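Reading the structure
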6 protein chains.
Amino acid sequence: MIFNSPERVEALTKSWTGARLPDGRPLVSDDILDRMKLVTNDEAWGVLEKTNGYHNQFEGNWLNLHPELALSGRAVTATMVPHRPDLHEVVQGIGLGEGRSGSQNTWVIDTLQKNDVLVVDLFGKVHDGTFIGDNLATATRSRTGTGIVIDGGIRDFARVNELADFAVFCRGVDPTAIAGVTLVGVNVPIRIGHATVLPGDVVLGSAEGVTFVPPHLAEAVVLSSEDVRQRDVFGKQRLHEQIYTSGQIDVPVWADDIEADYVGWCEEKGLSVSQRG
Amino acid sequence: MIFNSPERVEALTKSWTGARLPDGRPLVSDDILDRMKLVTNDEAWGVLEKTNGYHNQFEGNWLNLHPELALSGRAVTATMVPHRPDLHEVVQGIGLGEGRSGSQNTWVIDTLQKNDVLVVDLFGKVHDGTFIGDNLATATRSRTGTGIVIDGGIRDFARVNELADFAVFCRGVDPTAIAGVTLVGVNVPIRIGHATVLPGDVVLGSAEGVTFVPPHLAEAVVLSSEDVRQRDVFGKQRLHEQIYTSGQIDVPVWADDIEADYVGWCEEKGLSVSQRG
Amino acid sequence: MIFNSPERVEALTKSWTGARLPDGRPLVSDDILDRMKLVTNDEAWGVLEKTNGYHNQFEGNWLNLHPELALSGRAVTATMVPHRPDLHEVVQGIGLGEGRSGSQNTWVIDTLQKNDVLVVDLFGKVHDGTFIGDNLATATRSRTGTGIVIDGGIRDFARVNELADFAVFCRGVDPTAIAGVTLVGVNVPIRIGHATVLPGDVVLGSAEGVTFVPPHLAEAVVLSSEDVRQRDVFGKQRLHEQIYTSGQIDVPVWADDIEADYVGWCEEKGLSVSQRG
Amino acid sequence: MIFNSPERVEALTKSWTGARLPDGRPLVSDDILDRMKLVTNDEAWGVLEKTNGYHNQFEGNWLNLHPELALSGRAVTATMVPHRPDLHEVVQGIGLGEGRSGSQNTWVIDTLQKNDVLVVDLFGKVHDGTFIGDNLATATRSRTGTGIVIDGGIRDFARVNELADFAVFCRGVDPTAIAGVTLVGVNVPIRIGHATVLPGDVVLGSAEGVTFVPPHLAEAVVLSSEDVRQRDVFGKQRLHEQIYTSGQIDVPVWADDIEADYVGWCEEKGLSVSQRG
Amino acid sequence: MIFNSPERVEALTKSWTGARLPDGRPLVSDDILDRMKLVTNDEAWGVLEKTNGYHNQFEGNWLNLHPELALSGRAVTATMVPHRPDLHEVVQGIGLGEGRSGSQNTWVIDTLQKNDVLVVDLFGKVHDGTFIGDNLATATRSRTGTGIVIDGGIRDFARVNELADFAVFCRGVDPTAIAGVTLVGVNVPIRIGHATVLPGDVVLGSAEGVTFVPPHLAEAVVLSSEDVRQRDVFGKQRLHEQIYTSGQIDVPVWADDIEADYVGWCEEKGLSVSQRG
Amino acid sequence: MIFNSPERVEALTKSWTGARLPDGRPLVSDDILDRMKLVTNDEAWGVLEKTNGYHNQFEGNWLNLHPELALSGRAVTATMVPHRPDLHEVVQGIGLGEGRSGSQNTWVIDTLQKNDVLVVDLFGKVHDGTFIGDNLATATRSRTGTGIVIDGGIRDFARVNELADFAVFCRGVDPTAIAGVTLVGVNVPIRIGHATVLPGDVVLGSAEGVTFVPPHLAEAVVLSSEDVRQRDVFGKQRLHEQIYTSGQIDVPVWADDIEADYVGWCEEKGLSVSQRG
């Protein structure tokens, strides 16, 4: 009841029609995850919000330990609430029945796999809300090779920070240990600030913030970014040459002559040209 | 999957061993609900936090439309997240399969019964986050006879405010209609500010704020309050008479001579005396 | 240059094709201003935002001295910025050339007329940002018979508050006098929180907040409200009678049988029926 | 060491040359305290800030239980800090040595006298920061007959609120009891928001907020207010009669003819005339 | 009417008596702009606030992309308000009549010249408030060679950040494009946080924040800084040598013997000596 | 009266039974101060809060100029309040009588000694609240060789920042000079955010924030950290080797077999083993 069943996870993510992990989460391919690392949050926004009407997939304002890292992986979601004894006893009973050990935050960490990204709704709690310290950071990194997104805090800042390839997005650091919270759901829909996250979303993290890409749109995001990057190179070159004004380049659709110029430029360089727009 | 099943609600609220409603919620008696109206949030705190270690059952900082009303009833919980099209489609499909009509906020209102209090996690959203207007307020009042607690907004302030016996605790008012949200759970554990709420909690609202009393502690809360009130009458009378100092009266346990004075005072007035402390 | 010329005011408000005041502001009729007092901000929102795409005409979160008053009048806009000596000298020179006396806040108050509502952008300043005290409140009330909207503070709270028919929307009270600001525009476009205000807008204030109704939409707002109010009476009556569910009533367009019921109800009561929705 | 000695209190308040209380605080007369009740914070500001350069004597943004009451009395100051065991043990030892009983907040309450106003720096703490509940409110009211100013919280809101003649300025209400704090000074200089308060200040509270009037300026404040009130009656009458514009009246010093008009008006009514401005 | 006319710009900035740009803005010399790059905001404050009474020329709390850069240039001001359709139509009509193309933010960028710094009042909007992305950043950099100051957001953070010599002061980053705003003034007085900015101000940006130096004071600021820097070298040397205490050095005017020591030190090093203080 | 006497400082810090400085402050040894530099705030928390019940010794959310530095030293505390002329005159009189010169912030700086860390309660003031600029930073660094902790601002950011071995924890930077404050206590108990600080506390600053270690617990903190560090090396090695799960390692007390494994590992490496837990 705390860990959502594969059937329920599948029912929640019906827009994805591809392969799934044993826990029911959509299995976006490793190739897409890799190419996603070159996508900016801005490009993802273009596909998600402008084209597909997803207005609530980005969240900023993080304490980002390694802004130079690109984070990409499959979301495992978890949500905690302020502790209440009767509920906590129920949750502990369920965990015991499932053979889980340690504190509740380790239950979910112990299930992580390569290329997973744990996303935790800890309702912004930092004091007594440190989901990981250096031990759990080390464990999470060993299992996933990616990073973690916590709407809450971390502890052992200095040592966690030394894990230079482990992306950490959190809200703050504090010396206290996690306390006064109860785990109420894993792989359920959660809210992270302004964004809604589902299990299996592709988590895309950079210096700008984190976008939670619905899995059925992940490939479109990657392809669009690859097109945008090519057009940006052209556009900025022409702006720098002062051939066009920013009023001509910074528009959704270029005028015919500029588009033709672009097509010519692509041909010159041996690049493929996507349809505009 | 959106409305929690009776079996799951029961499993979540195992500390309650009494009768239950058909939807699985604990059925605290109407008599306790009535007597709860005279309990202050401070008295409830004494039992919940000081005696039983429940630290997260109170939430303040409300826009309280009728601070003069005492709200008491059985919690129906609901939680919404920022809208995302794929999830919204799943939820609409489930609702359609269950024969629900209207917008998602009406789904849960249409299930309310006498002495229920709907408690909604709308993550503090007020603009485009108005869970009820005057029509839904009227409907909720007709069905429950109590009030509503919304961690979000309301609209039609003037007309909702005219319902003088309908207690409304919300975060603000706005002329916009509710938009950009998706219902993801009914009768699941929710967070309302600092508090964790379970289905069937006794909602106790007053000018001070709202306490969510776990059902198995509701009777103890009522009995304790009835004792405290009697001792307060005595204590304030003696302070006013300047017989004792506040340092003597405002302590957890009175000295023996004061306790004896109290017992005598009770006997004089024909009142029953509870054990001290 | 500080007081916008009639020609420029007219050019800014071209959507209004009716009569104008000598200072160029649109002259919405006194009859519409009177009927506007019965309109709620929610009803205005229905016409402005839902029907006409005006998303930024409402502002809430006021210190409202008389929430029981309905404020309605024609906006005179004014904007101040933090003081800088060179600019202040320029403004004083212009004022002197135009024969203005007293401090800059009185310049605009001295031009107010019956049914005007002064709307001041004081960028939320309360300490040293008290646009009016009791003298200027008395003067403004004598001239306009309406009220005032200040994104800033007032002083002399007790005495201003005694003017029971003078609606005041401000951000706070403080004993300091206004200081450290310079007037830079009258009857120019201003921003009040989330809203954009133009000279001649119909200011609609109530306990819920303030809507700035573009003058060319003022009549539509009034008519729509008069229709909504009639339908609300019907809807709430039927909800109370439990003939329909809130899911049936709280929708943008009623089903045909409900609409027919409504038409019959209107005929019974001798009321005119507007086209639906 | 926690309660400041009379010698040190006197040394801190050397601008006061009049009588003192046994604890060293300046003893502003009961007559001035009574007349102070008619003074507005705005008038006090005129004397304190504009004339005498006291910029930090007012604090607003209170939860004011009885905005209709005028609070006036002599400040007893107290300050608490977050609890630390070593310091707490020191303080308890000192209190024990001085024969004090009960919790530390009662120590100071037990010393209050008629017309005192306790002013407590509780650094804005409301949760676990409730300096008084109904017992201590009753005790404080019995001893002082005035009210209390707490930069922190209160509990037992409903019952404290019933003490209709007891002015309470605080930052919020909460059901928790005071916890996790240590008393470190009584009758020392304290900061309450933007204001600095010394023992013996005249506390002036109204709906607008609280001004802490240095005792040596208390009489000047009262006299000035009595003059301002007389001039305001004249000014508002003339504004209402539209004899003068607000630009003429709302200035620090009236023109000679207006002053002469005022003097005539006073003579007509048999009122004394103070020197202008 | 959106772009302020040269005549009106000149009238607004009368304290400047030197050369002007064709658009009316004061033309502080390139030499002063260059030397301004070595001035700290603290030194500018000394001249502007302490000596000349300009209290509102500094604004901090920026997201500063390149804190290591010194920004110096002539302000072009622009201000936007929340979108309203009637006003937007007026502005678009004016722009069309003036031959402007692209979205409104490009209008002003297309007019920028070498050593201009665009300063934009976007009222702190970041979500849907991204005034530039990488194309417009590239265009602005090509035209001005300086940087930009936006009381709002930017997008394309990663790519804008790569422009290592382009100073960007903004309030945040977001993947959304700019939306829901209307341009209402160019080269008008604007407010940026606590500061008032006029067209032609010298914008001085560093890690500490941004000072808007009125043009007629720019030379005095530069000269004073050059003097302060020389005295600081002396003062810190003597403090380090423990010849003087900080109480002797950290005062507005040095004692005669220290001043004499300084004069001697200057002579020794062949430096010119400015009048003290 | 402003500088606390040695007797009073000693009475305040009775838990310390070791040597003292002439001003009464506990004299934690230089050896402990040195070894403290390797302690993390998290390790200090383990001893202070978890073991000894000190809940209020850490404060985060600093502008930390050199997050790479470890700050360690003996606290000198100082507290200022908003300026009021009568109090300021008293304080100036006392300072004059004690032979102090310069402004009040220099009084305390002029008393600092090697390995002191000045901790200033400036109630978060940054504008007009800049306790040090480059001169005073240079002076403080020369005297202490450590750093400074200011709950307020600094100025001359660029130049202070160049002192690469001088740790500065403050709340912000501003070009203004300090103004409008009065010093009311040195070596008295002060509150810095959530923490209570006493004279002689060991100030421990790092990228994570600042812990104020009570002197009698300083050695225990150092010893515990040295143990934790050794166990962490072991635990992370075993987690990385995937020999144990995080649920086994991230617990307060290891299972017997893990403890035995650890003891063996220590023996292998020739390290001493502390008692567990």
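The shown structure was predicted, so the numbers you read here are calculated from the model rather than taken from an experiment. (Residues numbered from 1 in each chain as written. Chains lettered and ligands numbered in written order. Predicted model: local features only at pLDDT ≥ 70, side-chain atom pairs only at ≥ 80, totals over all residues. Heavy atoms only, no water.)

1. A closer look at the overall build of chain A
Keep this limit in mind: Helix and strand definitions here come from DSSP, where helices need a minimum of 4 consecutive H or I residues and strands a minimum of 2 consecutive E residues; each element is numbered from the N-terminal end. Residue burial is assigned from relative accessible area. The probe radius is 1.4 Å, only protein chains are included, and a residue is buried under 20% of its type maximum, exposed over 50%, and partly exposed in between. Throughout, a residue-residue contact means that at least one pair of heavy atoms, one from each residue, lies within 4.5 Å. Note that accessible areas follow from Shrake-Rupley with a 1.4 Å probe, and for residues the cover is restricted to the protein chains shown. Only four residue types enter the charge count, namely Lys and Arg as positive and Asp and Glu as negative; His and the chain termini do not. Taken as the charge centre is NZ of Lys, CZ of Arg, CG of Asp or CD of Glu, depending on the residue.
Of the regular secondary structure elements, chain A holds ten helices and twelve strands. Counting only C-alpha atoms, chain A reaches 70 × 40 × 30 Å along its principal axes. Across the 277 residues that make up chain A, the buried fraction comes to 60%. Expressed as a percentage of contacts within chain A between residues at least 6 apart in sequence, the contacts between residues at least 24 apart total 73%. Just so you have it, chain A exposes about 10000 Å², and 51% of that area is on carbon and sulfur atoms. Of note, chain A has its 24 positive side-chain charges centred 3 Å away from the centre of its 38 negative side-chain charges.

2. Description of the packing of helix H8 (residues 218-240) of chain F against helix H10 (residues 256-269) of chain F
Residues and elements named next belong to chain F. For clarity, the cut-off: Between N-to-C directions, angles span 0 to 180 degrees; the directions come from axes that are lines fitted to C-alpha atoms, helices contributing only their stretch in contact. For classification, angles of less than 35 degrees are called roughly parallel, those exceeding 145 degrees roughly antiparallel, those between 65 and 115 degrees roughly perpendicular, and all remaining angles oblique.
Closest axis-to-axis distance for the H8/H10 pair is 11 Å, and the angle between their directions is 105°. Here H8 is positioned roughly perpendicular relative to H10, judged by the angle of their axes. Each of Asp227, Gln230, Arg231, Val233, Phe234, Gln237 and Arg238 in H8 lies in contact with H10, whose residues at this interface are Ile258, Glu259, Asp261, Tyr262, Trp265 and Cys266.

3. With respect to H10 of chain F
Residue and element names in this part refer to chain F. Formally: Expected span, for any helix, means 1.5 Å times one less than how many residues it has. Here the arc refers to the directions that run from the helix axis out to each C-beta atom.
For H10, which comprises 14 residues, the first-to-last C-alpha distance of 20 Å matches the rise-based estimate of 20 Å (1.5 Å per residue) to within 8%. Of the positions making up H10, those classed as buried are Ile258, Glu259, Tyr262, Trp265 and Cys266. The arc that holds every buried residue of H10, seen down its axis, measures 120°, which confines them to one face. What points out from H10, more than 90 degrees from its buried face, is the exposed set Asp256, Asp257, Glu267 and Glu268. Looking at the packing, one finds that the buried side of H10 touches H8 and helix H9 (246-249). The positive-phi residue at the C-terminal boundary of H10 is Gly270, with phi of around 70°.

4. Looking at the pattern of salt bridges
Formally: Within this document, salt bridges are pairs made up of a side-chain nitrogen of Lys or Arg and a carboxyl oxygen of Asp or Glu, the two lying within 4 Å of each other.
Evaluation of the coordinates by the stated rule reveals 120 salt bridges over all chains. Across the pair Arg141 of chain C and Asp165 of chain C runs a salt bridge, and its minimum N-O distance is 2.7 Å. Remark: Asp165 of chain C occurs in the loop between helix H7 (157-161) and strand S6 (167-170) and Arg141 of chain C occurs in helix H6 (residues 134-144); sequence separation between them is 24 residues. The class for Asp165 of chain C is partly exposed, based on a relative accessible area of 44%. Between Arg171 of chain F and Glu59 of chain F there is a salt bridge, with the nearest N and O atoms lying 2.9 Å from each other. With a gap of 112 residues between them, Arg171 of chain F in the loop between strand S6 (167-170) and strand S7 (172-173) and Glu59 of chain F in strand S1 (residues 58-59) connect regions that are remote in the sequence. Each of Asp23, Arg25 and Asp116 of chain A takes part in salt bridges that share partners, so that together they form one network.

5. Some details on the interface of chain F and chain A
Operational definition: By definition, the buried area sums, over both parts, the 1.4 Å-probe accessible area that each loses when the two are put together.
At the junction of the two partners, chain F supplies 21 residues and chain A supplies 20 residues. Summing both partners gives a buried area of about 1900 Å² for chain F against chain A, and 52% of it is carried by carbon and sulfur. It is Trp45, Glu208 and Lys236 of chain F in chain F that bury the most area against chain A; as a group they hold 27% of the surface buried on that side. Where chain F touches chain A, the interface holds three salt bridges.

6. Digging into the relation of the copies chain F and chain A
Selection criterion: We superpose the copies by least squares over the C-alpha atoms of residues that have a pLDDT of at least 70 in both of them.
In screw terms, the move from chain F to chain A is a rotation of 120° and a rise of 0.0 Å along the axis, fitting with an RMSD of 0.0 Å. Accordingly, the operation relating the two chain copies is best matched by a three-fold axis. Among all residues of chain F, the minimum C-alpha distance to the rotation axis is found for Leu63 of chain F, at 8.0 Å.

7. Things to note about the packing of aromatic side chains
What describes a pair of aromatic rings is the distance from one ring centre to the other and the angle between the planes of the rings. Heads up, the condition is: Stacked, tilted and edge-to-face pairs are distinguished by plane angle, under 30 degrees for stacked and over 60 for edge-to-face with tilted covering the rest, among Phe, Tyr and Trp rings (Trp via its six-membered ring) whose centres lie within 6.5 Å. Two conditions define a charge sitting above a ring: the NZ of Lys or the CZ of Arg must be within 6 Å of the ring centre, and it must be within 35 degrees of the ring normal.
Evaluated as defined, the whole model comprises 36 aromatic pairs over all chains. Judged by centre distance (5.4 Å) and plane angle (55°), the ring pair of Phe234 of chain A and Trp254 of chain A falls under tilted. Separated by 20 residues along the polypeptide, Phe234 of chain A in helix H8 (residues 218-240) and Trp254 of chain A in the loop between helix H9 (246-249) and helix H10 (256-269) bring together distant segments of the chain. A relative accessible area of 10% means that Trp254 of chain A is categorised as buried. Pairwise contacts between aromatic rings join Phe234, Trp254, Tyr262 and Trp265 of chain A into one cluster. The ring of Trp62 of chain B has Arg171 of chain B lying over it, and the distance from NZ or CZ to the ring centre is 3.7 Å. For the cation-ring pair, Arg100 of chain F lies above Phe3 of chain F, with the distance from its terminal atom to the ring centre recorded as 3.7 Å.

8. Some points on empty space enclosed by the protein
Spelled out, the test is: Grid points spaced at 1 Å over the protein atoms alone were grouped into cavities, where a 1.4 Å probe fits but cannot get out, and pockets, open sets with protein on both sides within 12 Å along at least five of seven lines, with lining residues defined by an atom within 4 Å of a point. Grid points are joined across faces, edges and corners, and a volume is the space filled by probe spheres set on the points. Residue classes follow a fixed rule: Ala, Val, Leu, Ile, Met, Phe, Trp, Tyr, Cys and Pro count as nonpolar, while Asp, Glu, Lys and Arg count as charged, and any other residue, Gly among them, counts as polar.
Overall, the coordinates contain seven cavities of 30 Å³ or more when judged by the stated rule. What lines the largest cavity is a set of 32 residues, and nearest its centre among them are Val188 and Pro189 of chain A together with Thr79, Val188 and Pro189 of chain B. In terms of residue class, the lining of the largest cavity is built from 20 nonpolar, six polar and six charged.

9. Describing the environment of Gly209 of chain D
All names here are of chain D. Of note, Gly209 is situated in strand S12 (residues 209-213). When the C-alpha atoms of Gly209 and Val251 are compared, they prove to be 25 Å apart, with 42 residues separating the residues in sequence. When near neighbours in sequence (up to four residues on either side) are disregarded, Gly209 contacts Asn41, Phe58, Glu59, Gly60, Trp62, Phe169 and Leu204.

10. Focus: unusual backbone geometry
Not every positive phi belongs to a glycine, and Asp156 of chain B is a case in point at roughly 55°. The phi dihedral of Asn187 of chain C falls on the positive side, at around 60°, and the residue is not glycine. Examined against the element boundaries, Asn187 of chain C turns out to sit in the loop between strand S8 (181-186) and strand S9 (190-192). By relative accessible area, which is 6% here, Asn187 of chain C ends up buried.

11. Here we look at the environment of Leu198 of chain E
Mapped onto the elements, Leu198 of chain E comes out in the loop between strand S10 (195-197) and strand S11 (202-206). Residue Leu198 of chain E is classed as buried on the basis of its relative accessible area, which comes to 1%. Sequence separation of Leu198 of chain E and Arg74 of chain E is 124 residues, and the distance between their C-alpha atoms is 9.9 Å. Apart from residues no more than four positions distant in its own chain, Leu198 of chain E is found in contact with Arg84, Asp86 and Leu87 of chain C together with Leu12, Thr13, Ala75, Thr77 and Pro189 of chain E.

12. Some details on the relation of the copies chain A and chain B
Screw-axis analysis of chain A against chain B gives a translation of 0.0 Å along the axis, an RMSD of 0.0 Å, and a rotation angle of 180°. Considering both components of the superposition, the chain copies are consistent with a two-fold axis. Residue Phe123 of chain A of chain A places its C-alpha closer to the rotation axis than any other residue of that unit, at 5.0 Å.

13. Here's the deal with the confidence of the model for chain A
The line we're drawing: Along the chain, pLDDT gives the predictor's confidence residue by residue, from 0 to 100.
Of all residues in chain A, 99% have pLDDT values of 70 or greater, and the mean over the chain is 95. Here the predicted complex carries an ipTM of 0.91, next to a pTM of 0.93.

14. Focus: the arrangement of the chains
Chain D makes no contact with chain A, the minimum C-alpha separation between the two being 15 Å. No interface is formed between chain D and chain E, the nearest pair of C-alpha atoms being 17 Å apart.

15. Digging into the pairing of strand S4 (residues 116-132) of chain D
Residue and element names in this part refer to chain D. The test is simple: When DSSP locates at least two bridges between a pair of strands, those strands are taken to pair.
With 13 of 17 residues buried, S4 lies mostly within the body of the structure. Looking at chain direction, S4 and strand S5 (residues 147-154) are connected through seven bridges and run parallel. In the sheet register, Lys125 faces S5, and the bridge partner there is Gly152.

16. What about the interface of chain A and chain B?
By a widespread convention, an interface's size corresponds to the accessible area lost as its parts come together. Spelled out, the test is: A 3.5 Å cut-off defines polar contacts: any pair of N or O atoms within that distance qualifies, except that in protein one atom must be a possible hydrogen donor and the other a possible acceptor, and neighbouring residues in sequence count only when both atoms are side-chain atoms.
Counting residues at the interface gives 31 residues for chain A, matched by 31 residues for chain B. Buried surface at the junction of chain A and chain B, summed over both partners, amounts to about 2800 Å²; 62% is from carbon and sulfur atoms. Sorting the residues of chain A by area buried against chain B places Met1, Arg84 and Arg191 of chain A first, and these three jointly supply 24% of that buried surface. At the boundary of chain A and chain B, one finds two salt bridges. When the shortest N-O distance is used, the salt bridge between Arg84 of chain A and Asp201 of chain B registers 2.6 Å. At the boundary of chain A with chain B, the tally comes to ten residue pairs in polar contact (both at pLDDT 80 or more). Listing elements by their share of the side of chain A that touches chain B, those giving two or more residues are helix H1 (6-12), strand S3 (71-82), helix H4 (85-97) and strand S10 (195-197) of chain A. Ranked by residues supplied to the side of chain A that touches chain B, first place goes to H4 of chain A with four residues. Considering only residue class, the side of chain A that touches chain B consists of 15 nonpolar, ten polar and six charged.

17. Things to note about the pairing of strand S8 (residues 181-186) of chain A
Residue and element names in this part refer to chain A. Burial analysis of S8 places six of its six residues in the buried class, which makes it a mostly covered element. Alignment of S3 against S8, held across five bridges, turns out to be antiparallel. Bridge pairing in S8 links Ala78 to Val186.

18. Observations regarding the environment of Val197 of chain D
Residue placement: Val197 of chain D occurs in strand S10 (residues 195-197). The class of Val197 of chain D is buried, set by a relative accessible area of 0%. Contact partners of Val197 of chain D, with chain neighbours within four places excluded, come to Ala75, Thr77, Val119, Val188, Pro189, Ile190, Ile192 and Phe212 of chain D together with Arg84 of chain F.

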